[in-house]
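# Chain and residue survey
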Amino acid sequence: MKRTIFLLFLFIFPAALFQGCGNKDAGNQENIVGDQISYGENVESSEEGTAFGEHMLFGELLPEEESWRDNTLDDYTAVMHLPLIPRQEEGEQGGGMQYALGSTCGVLLKKHLGASVKEAWDELKMVTGQGEEDSVRLAFRQDDHNQAWGIGSMVGSDHFMMLGREYVASENEKEGGAKYYFFEIDEAQQVVRTTPLDFLPGDGRETPDRIMTDQSGNIHFTTGYLGGAPVSDQAENYYELVSPEGALVAKFDYTGVTMRLVSLYDGRVALWSQPADAEGRNICSRLECMDPATGEMELLAEFGENAPKALWEADNCYYTLWDENTLLYADNAGLHFADLSGNITEDVYIWGNHGILFSEMVEIQIREDGGINLIYLDYSKSGNFLCLEPTQEKKEIQRIVFAVPPAMRNVYYPSVAEFNKRYPAYHIELKTDYDKTALLTELTAGRGPVLVDTMLTGFESHKRLWMPLEGLFAGESWEDILIPRAMELGEIDGTLYGVVSCFGLKTVVIPKEEPTDWDYKTFLDTIEADSSIEAICNGDNSVWFFMASFLIHGLEDNYLLDNGSGTTYFDSTEFRRALRLGRTYCAETGYVEAGTPMLEGKVFCNIINVTRPELIDLYRLCYGENANYIGFPSGDGSAHYIYGQDPLVVRSTATEEEKRVAGTFFRMLLSKDGQMESTKDSNFWLSVRKDVLEEQINQVNENSMPGTYGFAFITLGDDYDREYDARFLYDMLEKARPLKYFPRELNVILMEELEAYAAGTITEDLLIQRLTGRVELYLAEQN
Amino acid sequence: MMKRIGALGFAVVLLIYSGFVSWAAVCGSSNSPDGAHDFSVCKRADAGYSVDKGTCVYIYGWDQNGNPIYKNDCRISDRYQWCNYICKYCNQVNDTQGAHPHYVKTVHSVNHN
Ligand SMILES: [Zn+2]
Ligand SMILES: [Zn+2]
Ligand SMILES: [Zn+2]
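Residues numbered from 1 in each chain as written. Chains lettered and ligands numbered in written order. Predicted model: local features only at pLDDT ≥ 70, side-chain atom pairs only at ≥ 80, totals over all residues. Heavy atoms only, no water.

### Observations regarding the pairing of strand S2 (residues 41-62) of chain B
Residue and element names in this part refer to chain B. Where S2 meets strand S3 (residues 68-86), 15 bridges bridge the pair, whose relative direction is antiparallel. In the sheet register, Cys 42 faces S3, and the bridge partner there is Tyr 85. Between the end of S2 and the start of S3, which pair antiparallel, lie 5 residues, with Gly 66 showing a positive phi angle near 85°. (Pairing = 2+ DSSP bridges. Helix = DSSP H or I, 4+ residues; strand = E, 2+ residues; numbered from the N terminus.)

Below, the structure written as structure tokens:
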């Protein structure tokens, strides 16, 4: 029983996650790939889940609503939000696509190439504001003729203007070449009129690219290259306008300028342009509208240096006029109203409030009824159709605060966004501005955020503030999907209190082939035998750091004391020897760099961390392919260590509903897609999911820039070796033990006394006497 | 014998960081388990940069004779982001090592497969 519950989250979430949403029969299922379990089984198992008692709440999913609805956090609410993606054809490469908006729908023209021209076809994918979806094989296309080569909106209607292109062979060079025409299709994809474009040259250098028809029937278009030769030089870029009768009214040269066509509030179409300087930096943006009567361009708005960067500098700028004096513009935060100087006057719709992973606006249309239709691209560059209407009444929403350090925000954001989209009755709010002391005070009082990233607070030392996550990982089959060694890092005294989503590995490398194994004693012997060194390892060059790094791996495995009997070894020749080595090689306070000093023989060893697979390539390049990664000395020989990024915890006073939210969120965070999104942030380390870890290794390529503190940055170029990375990583993972420290109080004692000794304020004998007294007292108090 | 350095370019950058630099070792935060700073966290700067990788020519469709028809309106650029290492316990920015770039993604300006 427990087994099925766990499988539920690890498979179903990834399947449906990040696919956009909409009503269920609209066909989200067809996009599901991978080995998910069928829906029926899951419904059953989640019901059984309630039988496990209170703690099983973490294993229980929040109920999903029957049909999708948006929350009402903003002035506008989405009445429809659907992915606009073409059919996925196996092995297909290339093939253009273009989006367009109707007054009640969004469409996508996708040219499917197939293996040959006979198998090629044009798809018109459609989604409507009513939630209907359709994918049409364009019927006017007969075999290889009458293809569609472009599509554009016809403002205020559900008709579309498409581009036709026929190749005409001729002896006479002037008459041969490509012939272009526009053709308008109606709601049933029937051609209602055709407009020949005989004035365009046949060499492809002036082919309509973006197309939009205004409410008076004028066809606006920009031009670019579309032709039979794979040329890479700049095409001529024009903005042209054709009258409803098909006559060329005007033509303006915008070569080298980024152009978009945007529809205005009154049904006109304007040209949006963004010139760049010689270095490719955007210098301003403009919105201009041509008066068909005079053929003159009228400037509607212009933004440069003094305006918000989102209006002119960003590559994904998009704005239009909402009315004569109001701008409607999109940036990475959301959709806003602004005055004509670019100052925001009102937020319309904030992406983050609705789980939208916005990357770029494709098109916005202001509807006559005051609604807004738009198509945007998400993080994965997939299109989405969004239909917004003014918010009627604000519905109640359950807010759950998630406290995260600013650096970790983007690791969690995609999963939080997806959660907020799927569960509009709840809203996880990522809060990054916590003061650590205030946060602990709140939590101690049983208040504050429900979810906490313990990078802010510390984990084990505040165990009583966290709720045990029993039920979340109940059963045994999860071990097939997640890496047990990594998940166990979220345990305190054998009970799961925190969710670890990524981890790192730590080891030691030496510049010699021997030895290949060491315990504390042989480690010290080897240092002693090396006469050329000036320092022991990279990093902080202090006696304390030396002891803490090499001689202490928690209370149960160290060179200084026996926790069982409560005795210490400070007054011994072994400790005196370690102290002497520390004093000899770590006397100067300073910082020792990794890499070169060791390779030159000046440093005994290097400690390295593997938090991304590409770092293994960095170390391979630095230390050599057959370097001796001997590991740390420990009580029973060499050891490599595994450590987690700080676990996520749930406040111990969370309500049952909050527990369900937390459990559901954790499952999304640990789902395949949730983890894949997280890997895009540099603060996300090695995934705790086996399949995602594999992907991370496969993503190492010539662009990878392995970077870690203490090493110079490089780009790998051709010098990457995924097989080596995989071998190294899995081998070390198999051997790794959890990284352990002394309790903080004990460390403070050692730090204080060793510092006094290193500073020369106390003698070796006094140090040993004081350490023995203080540490044995501490151990006695604890046992 | 160990292969010391794999790439020439690497050797050059590696040498920049050789030697001993002075550094305040003790972390002020009580969260640090061993009292040392842990500079394992990247703090993103607002600044980043793009490297233009030129025009991307892609097959848009087949014409009626089965010949590929190309479009060249897509530009490829590599995006990078600057960041600094900070101590995950006390947020102190590490100043022995300056800002470093991260490769973020390769962007095609036009949506095509
Ligand atoms: Zn610190
Ligand atoms: Zn970084
Ligand atoms: Zn491209």
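Back to the write-up after that little detour.
### Quick look at the coordination of the zinc ion (ligand 1)
Residues and elements named next belong to chain B. The zinc ion (ligand 1) binds to the protein through Cys 27 (SG), His 37 (ND1), Cys 87 (SG) and Cys 90 (SG); the donor distances cover 2.1 to 2.3 Å. Every donor counted, the 4 donor atoms about the zinc ion (ligand 1) form angles of 98 to 116° at the centre, which fits tetrahedral coordination. Within one chain, the residues donating to the zinc ion (ligand 1) are spaced in sequence as C-x9-H-x49-C-x2-C. (Donors = N, O, S within 2.8 Å, 3.2 Å for Na, K, Ca; no water. Tetrahedral: all angles 85-135°; square planar, octahedral: opposite > 155°, others 65-115°.)

### Some remarks on the coordination of the zinc ion (ligand 3)
Residue and element names in this part refer to chain B. Within the protein, the atoms that donate to the zinc ion (ligand 3) are Cys 56 (SG), Cys 74 (SG), His 108 (ND1) and His 112 (NE2), at distances of 2.0 to 2.4 Å. Considering all 4 donor atoms around the zinc ion (ligand 3), the spread of angles at the metal, 101 to 116°, places the coordination shape in the tetrahedral class. The motif formed by the donor residues of the zinc ion (ligand 3), counted along the single chain, is C-x17-C-x33-H-x3-H. Residue Cys 74 is found in strand S3, and its partner His 108 is found in strand S4 (residues 100-108); the two are separated by 34 residues along the sequence. Overall, the relative accessible area of 29% leaves His 108 in the partly exposed class. (Buried < 20%, exposed > 50% of the residue type's maximum accessible area, 1.4 Å probe, protein only.)

### Notes on the sheet that holds strand S19 (residues 318-323) of chain A
Sheets are built from strands paired through backbone hydrogen bonds, the pairs being either parallel or antiparallel. All names here are of chain A. A sheet is described by the order of its strands in space; here 4 strands give the open sequence S19-S20-S21-S22, paired in antiparallel fashion. Where the open sheet ends on each side, the last strands, each with one partner, are S19 and strand S22 (344-350). Adjacent strand axes in the sheet meet at a mean angle of 25°, parallel and antiparallel pairs treated alike. Pairing of S19 with strand S20 (residues 326-330) involves 5 bridges; the strand directions are antiparallel. Bridging from a neighbouring strand, Tyr 318 pairs with Ala 330 of S20. (Axes fitted to C-alpha atoms, helices over the stretch in contact; angles between N-to-C directions.)

### With respect to helix H6 (residues 520-529) of chain A
All names here are of chain A. Taken as a whole, H6 has its buried residues at Tyr 520, Phe 523, Leu 524, Thr 526 and Ile 527. Buried residues of H6, viewed axially, fall in a sector of 160°; they line one side. In this structure, the buried residues of H6 make contact with strand S32 (535-537), helix H7 (543-550), helix H8 (573-585) and strand S37 (603-610). (Arc of directions from axis to C-beta. Contact = heavy atoms within 4.5 Å.)

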